[in-house]
Amino acid sequence: MNSVEVEETHAVNHPFLRDRVEKGKRPGTREFVALIDGVEAGLLIFEHFPNNSLGFVYEIYVLEKFRAMGVGNLLLSRAETIALDSGCKTLRLTARSLDREFIDDESLMSWYGRKGFIRDASDPGGMQKNLASEFTIGGQLG
Ligand SMILES: CC(C)(COP(=O)(O)OP(=O)(O)OC[C@H]1O[C@@H](n2cnc3c(N)ncnc32)[C@H](O)[C@@H]1OP(=O)(O)O)[C@@H](O)C(=O)NCCC(=O)NCCS
């Protein structure tokens, strides 16, 4: 399993994922597709806001037949890695289910919570992870 950056939207083969990339991409966003044995399984839409040392995950979407196989984890890890490499101190997202028959907002927030995200009391659905502490821990251990 791996993920690759989308250089051109038309390079995404899966029609549903391509449509989500087309609708979700903005100037400044970067898009990534997760592959299982070369088959497209999910996508990540990410943006780096250098002025605020902030990374933002707009969307993580895993195709239904590939869920609970670790693809979501892979894409979230990819977002964290890019954010860290870009010098972000915080990674933020809005946990709002895009498939309510499969997962509700509360379960989604719990899922992000298990990945170290904490809820933002002032923003319903808003969650963030402090990446600066990961630098410190890594630095101390290293
Ligand atoms: C929410 C979502 C992104 C999660 O993606 P996913 O690929 O199913 O997530 P993962 O497989 O990485 O993790 C889900 C659980 O599956 C289990 N799991 C992980 N790897 C597994 C494996 N190899 N085999 C079996 N189960 C596994 C784990 O219990 C995991 O939960 P945990 O990481 O808290 O322990 C996915 O359900 C989705 O796309 N939903 C619809 C779109 C949506 O609402 N996106 C959120 C927008 S903010």
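Just above sits the structure.
Residues numbered from 1 in each chain as written. Predicted model: local features only at pLDDT ≥ 70, side-chain atom pairs only at ≥ 80, totals over all residues. Heavy atoms only, no water.

Chemist: Explain the overall build of the protein chain here, please?
Modeler: On a plain count of helices and strands, the protein chain comes out with four helices and seven strands. Its helices and strands in sequence order give the protein chain the pattern β-α-β-β-β-α-β-α-β-β-α, from N to C terminus. On C-alpha atoms alone, the protein chain measures out to a radius of gyration of 15 Å, which is about the 14 Å that the 2.2 N^0.38 rule sets for 142 residues. When the 142 residues of the protein chain are sorted by exposure, 42% land in the buried category. A total of about 8100 Å² of accessible surface is found on the protein chain, and carbon and sulfur atoms cover 50% of it. Averaging the positions of the 17 positive and the 21 negative side-chain charges in the protein chain gives two centres separated by 2 Å. (Helix = DSSP H or I, 4+ residues; strand = E, 2+ residues; numbered from the N terminus. Rg over C-alpha atoms; globule rule 2.2 N^0.38 Å. Buried < 20%, exposed > 50% of the residue type's maximum accessible area, 1.4 Å probe, protein only. Areas by Shrake-Rupley, 256 points an atom, 1.4 Å probe, with all protein chains shown as cover. Lys, Arg positive; Asp, Glu negative; His and termini not counted. Charge placed at Lys NZ, Arg CZ, Asp CG, Glu CD.)

Chemist: Explanation requested: helix α3 (residues 105-114) in the structure shown.
Modeler: Because each turn of an α-helix spans 3.6 residues, side chains separated by three or four positions in sequence point in the same direction. Every buried residue of α3 is accounted for by L108, M109, W111 and Y112. Taken around the axis of α3, the buried residues stretch over an arc of 155 degrees, which confines them to a single face. In the core, the buried residues of α3 are packed alongside β4 (54-62), α2 (71-85), β5 (90-94), β6 (118-119) and β7 (126-130). Just downstream of α3 lies G116, where phi reads positive at about 100 degrees. (Arc of directions from axis to C-beta. Contact = heavy atoms within 4.5 Å.)

Chemist: Would you take a moment to explain the pattern of salt bridges for this structure?
Modeler: Two side chains that carry opposite charge are able to pair once their charged atoms sit near each other. Applying the stated criterion to the full structure yields seven salt bridges. Close ionic contact of E5 with R30 constitutes a salt bridge, the shortest N to O distance being 2.8 Å. In this pair, E5 sits in strand β1 (residues 2-5) while R30 sits in strand β2 (residues 29-36), placing the two residues 25 residues apart along the sequence. The partly exposed category is assigned to E5, whose relative accessible area is 28%. Using a relative accessible area of 32% as the deciding quantity, one classes R30 as partly exposed. With a shortest N-O distance of 2.9 Å, K129 and E80 are connected by a salt bridge. A residue pair is termed long-range when its members are at least 10 positions apart, and K129 in strand β7 and E80 in helix α2 qualify at 49 residues. Using a relative accessible area of 11% as the deciding quantity, one classes K129 as buried. (Salt bridge = Lys/Arg side-chain N within 4 Å of Asp/Glu carboxyl O.)

Chemist: Would you mind going over the side chain of K115 with me for this structure?
Modeler: The topology assignment puts K115 in the loop between α3 and β6. Buried charged residue K115 carries no salt bridge. Nearest counter-charge: E80, at 9.0 Å. A distance of 2.9 Å separates the side chain of K115 from the side chain of N73, its partner in a polar contact. (Polar contact = N/O pair within 3.5 Å; in protein donor to acceptor, adjacent residues only side chain to side chain.)

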